[in-house]
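Next come the chains, spelled out residue by residue.
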Amino acid sequence: MLDGGTLVSVVLSRPRSAQQYTYNTSVQPETETTALNREELVRYSRHIMLPQVGEAGQRRLKDSRVLLVGAGGLGSPVALYLAAAGVGTLGLVDFDAVDLSNLQRQILHGSAAIGSSKISSARDRLYDINPNVHLEAYETRLTSANALEIARGYDLIVDGTDNFATRYLVNDTSVLLGIPNVYGSVYRFEGQASVFGTDGGPCYRCLFREPPPPELVPSCAEGGVLGVVPGLVGTIQATEAIKVLLGLGETLAGRLLTIDVLTMEFRTIRIRRDPECPACGTHEIRELMDYDRFCAGSAQSRDDQKRAVVEIEPAQLATRLAAGETPVIIDVREPFEWQINRIPGARHVPLDHIAAEIPRLDKRRETILYCKVGVRSLYAAQQLADAGVSEVRNLSGGILRWIDEVDPTMPRY
Ligand SMILES: [Zn+2]
């Protein structure tokens, strides 16, 4: 369910007096938290002035431990803002070195750091911003062999990774250890953010049970990204991290924020914990797995599949529907995507339910499948063709091309 439009509403009416604002949260003083010295009282004065933060909240930040996985595009604003905000202990995991092509978006690093490790570059910059921050550096790749050991003892994990294998690894680590996971991802002009793994809230696997096949997942290196997009999403992750640490406001737990900077549309979509989720629902996942293998699992040759499945152009389908034809149309996207937009007359069968749906299909009827861009639906179409459905077609370019060529009034995402 879309929860009603834009993230930010602008009040253009008369200014309200201070007492008209209601603050639903405030940080309660805790006597056991570490006191702030005079330098810190000055440094964080703009926080302390906020009634919802105060000295108690600032002390809580000082005693907080946040693990940041990845010191790249998303990790840059996260690290900069959390260090500046006075988060006491910041764990940083990154194995990479600074490359010239990083600097277009990874604002934690400068030209002088090219060739040196991101960890050492980050350390210099973060200590300059705030020498009070205690950095715990892990100059290594996060793997299923070390993730639990590294993450244990942190209050929060911030996922600044750029690949599915590490994203599932971070998610499962978060669920197994009971540590919330502030998620963000970017691609081209789009971003997503959420807070996973909170008490009662969904995790990443509730939303995306299985990764897309790896050859179909371009990274920023292959697909490109506008440099400010990770800056925007990482800044949102830093905001959510501080809110979680301080118990402030309403976090993105239970909601997925999607951003399209071309239209500058921010949407939040309600998401729920899936009781069948193998991580946080059934708890089938009791230990970390081989995530590279997991993400490679369903990969098959795309070319082989293309040969077996005939494509249909959006305009062609639209013409046939307008003429009163009624082929079976199946939308194989995730539930949240189905809630954003759909082709009229389509049925919703998410990709991982397709196999179970096959016995219920009339194999003699022409069946047309679609997804966002036509890749997941191709996999589904192949399964149907293999199962003997006589006429299987894949909607070329998915619903995005349908929007472009048939119905531009539909929301894009
Ligand atoms: Zn889950």
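Everything here concerns the structure above.
First things first, this report covers the structure right here in the doc.

**Details of helix H7 (residues 164–177)**
In step 1: For H7, spanning 14 residues, the distance from its first C-alpha to its last is 20 Å, which sits close to the expected 20 Å at 1.5 Å a residue.
In step 2: Of all 14 residues in H7, 12 are buried; the element is thus mostly enclosed.
In step 3: All of the buried residues along H7 are Phe164, Ala165, Thr166, Arg167, Tyr168, Leu169, Val170, Asn171, Asp172, Thr173, Ser174 and Val175.
In step 4: Immediately beyond the C-terminal end of H7, within one or two residues, lies Gly178, with a positive phi of roughly 70°.

**Brief notes about the sheet that holds strand E8 (residues 265–270)**
In step 1: Overall, mixed pairing links the 8 strands, which are arranged E3-E2-E1-E4-E5-E6-E7-E8 in an open sheet. Whereas interior strands pair on both sides, the edge strands pair on one side only; in this sheet they are strand E3 (134–138) and E8. Taking each pair of neighbouring strands and ignoring which way they run, the sheet shows an average axis angle of 15°.
In step 2: Strand contacts of helix H5 (residues 118–129): strand E2 (89–93) and E3, with the helix running at about 175° to E3, the strand carrying the most contacts.
In step 3: The strands touched by helix H10 (residues 228–246) within the sheet are strand E1 (65–69), strand E4 (156–159), strand E5 (181–187), strand E6 (190–196), strand E7 (255–260) and E8, with E5 carrying the most contacts at an inclination of about 170°.

**Considerations on H10**
In step 1: Its 19 residues place the ends of H10 27 Å apart at the C-alpha level, agreeing with the 27 Å of an ideal helix rising 1.5 Å per residue.
In step 2: Counted residue by residue, H10 has 14 buried out of 19 residues, so it is predominantly covered.
In step 3: Immediately beyond the C-terminal end of H10, within one or two residues, lies Gly247, with a positive phi of roughly 65°.

**With respect to the coordination of the zinc ion**
In step 1: Here the zinc ion is held by the protein donor atoms Cys203 (SG), Cys206 (SG), Cys277 (SG) and Cys280 (SG), which lie 2.3 Å from it.
In step 2: The site at the zinc ion holds 4 donor atoms, and with the angles between them running 90 to 125°, its shape is tetrahedral.
In step 3: Donor residues binding the zinc ion come from one chain and are separated in sequence as C-x2-C-x70-C-x2-C. Of the two residues, Cys206 sits in helix H8 (residues 204–207) while Cys277 sits in the loop between E8 and helix H11 (291–296), which places them 71 residues apart along the sequence. Each member of the pair, Cys206 together with Cys277, is buried.

**Things to note about the nonpolar core**
In step 1: By size, the foremost hydrophobic cluster in this structure holds 41 residues, and its most contacted members are Val66, Leu82, Leu90, Leu108, Leu126, Val158 and Val233.
In step 2: Examining the composition of this core, we find that 8 residues originate from one element, H10, more than from any other.
In step 3: Excluding residues within four positions of it along the chain, Leu90 makes contact with Val66, Ala79, Leu82, Ala83, Leu126, Val133, His134, Leu135 and Glu136.

**Considerations on the pairing of strand E10 (residues 328–331)**
Regular strands show a simple pattern: their side chains alternate between the two faces of the sheet.
In step 1: Of the two faces of E10, both are covered, the one formed by Val328 and Ile330 as well as the one formed by Ile329 and Asp331.
In step 2: Examined bridge by bridge, E10 and strand E12 (residues 367–370) share 4 bridges and lie parallel to one another. Paired with Asp331 across the bridge in E12 is Tyr370.
In step 3: Bridge analysis of E10 against strand E11 (residues 347–348) gives 2 bridges, and the strand direction is parallel. Looking at the pairing, Asp331 lines up with His348 of E11.
In step 4: With helix H14 (residues 335–340) bridging E10 and the parallel E11, this β-α-β connection has right-handed handedness.

**What about the environment of Pro211?**
In step 1: By the element assignment, Pro211 lies in the loop between H8 and helix H9 (220–223).
In step 2: Sequence separation between Pro211 and Cys295 is 84 residues; the distance between their C-alpha atoms is 5.8 Å.

**So, unusual backbone geometry**
In step 1: For Met264, which is not a glycine, the phi torsion comes out positive at approximately 50°.
In step 2: By secondary structure assignment, the location of Met264 is in the loop between E7 and E8.
In step 3: The backbone of His283 sits at a positive phi, close to 60°, despite the residue not being glycine.
In step 4: The topology assignment puts His283 in the loop between E8 and H11.

**Concerning the environment of Ser117**
In step 1: Mapping Ser117 onto the fold places it in the loop between E2 and H5.
In step 2: As for Ser117 and Asp96, which are separated by 21 residues in sequence, their C-alpha atoms are 6.0 Å apart.
In step 3: Excluding its chain neighbours within four sequence positions, the residues that come into contact with Ser117 are Asp96, Ala97, Val98 and Glu139.
In step 4: At 3.0 Å, the side chain of Ser117 and the backbone nitrogen of Ser120 are in polar contact.

About the cut-offs
As a convention, each chain's residues are numbered from 1 in the sequence order in which they are written. In keeping with the model being predicted, local features are shown solely for residues with a pLDDT of at least 70 and side-chain atom pairs are shown and tallied solely at 80 or more, while totals for entire chains, interfaces and linings include all residues. Hydrogens and water molecules were not included; the side-chain quantities draw on all heavy atoms of the structure. Strands here mean DSSP runs of E at least two residues long; helices mean DSSP runs of H or I at least four residues long; both are numbered from the N terminus. Any helix carries an expected span of 1.5 Å times its number of residues minus one. Think of it in three bands: with a 1.4 Å probe and only protein chains considered, a residue is buried below 20% of the maximum accessible area for its type, exposed above 50%, and partly exposed in between. When DSSP finds two or more bridges between two strands, those strands count as paired. Lines fitted to C-alpha atoms define the axes, with helix axes restricted to the stretch in contact, and inter-axis angles between N-to-C directions lie between 0 and 180 degrees. Between two residues, a contact is recorded if the distance between any of their heavy atoms is within 4.5 Å. The rule for donors is simple: an N, O or S atom within 2.8 Å of the metal counts, and for Na, K and Ca the reach is 3.2 Å. Water is not among the atoms, so a site may look short of donors. For a four-donor site, all angles between 85 and 135 degrees give tetrahedral; for four or six donors, opposite pairs above 155 degrees with the remaining angles between 65 and 115 give square planar or octahedral; all remaining cases count as irregular. By nonpolar core we mean a set of buried residues, namely Ala, Val, Leu, Ile, Met, Phe, Trp, Tyr and Cys, connected to one another through side-chain atoms within 4.5 Å. With the strands pointing away from the viewer, any crossover whose connection runs clockwise from the first strand over the helix to the second is right-handed. Distance and chemistry together define a polar contact, namely a pair of N or O atoms within 3.5 Å, with one atom able to donate a hydrogen and the other to accept it when in protein, and with adjacent residues in sequence counting only for side-chain atoms on both sides.

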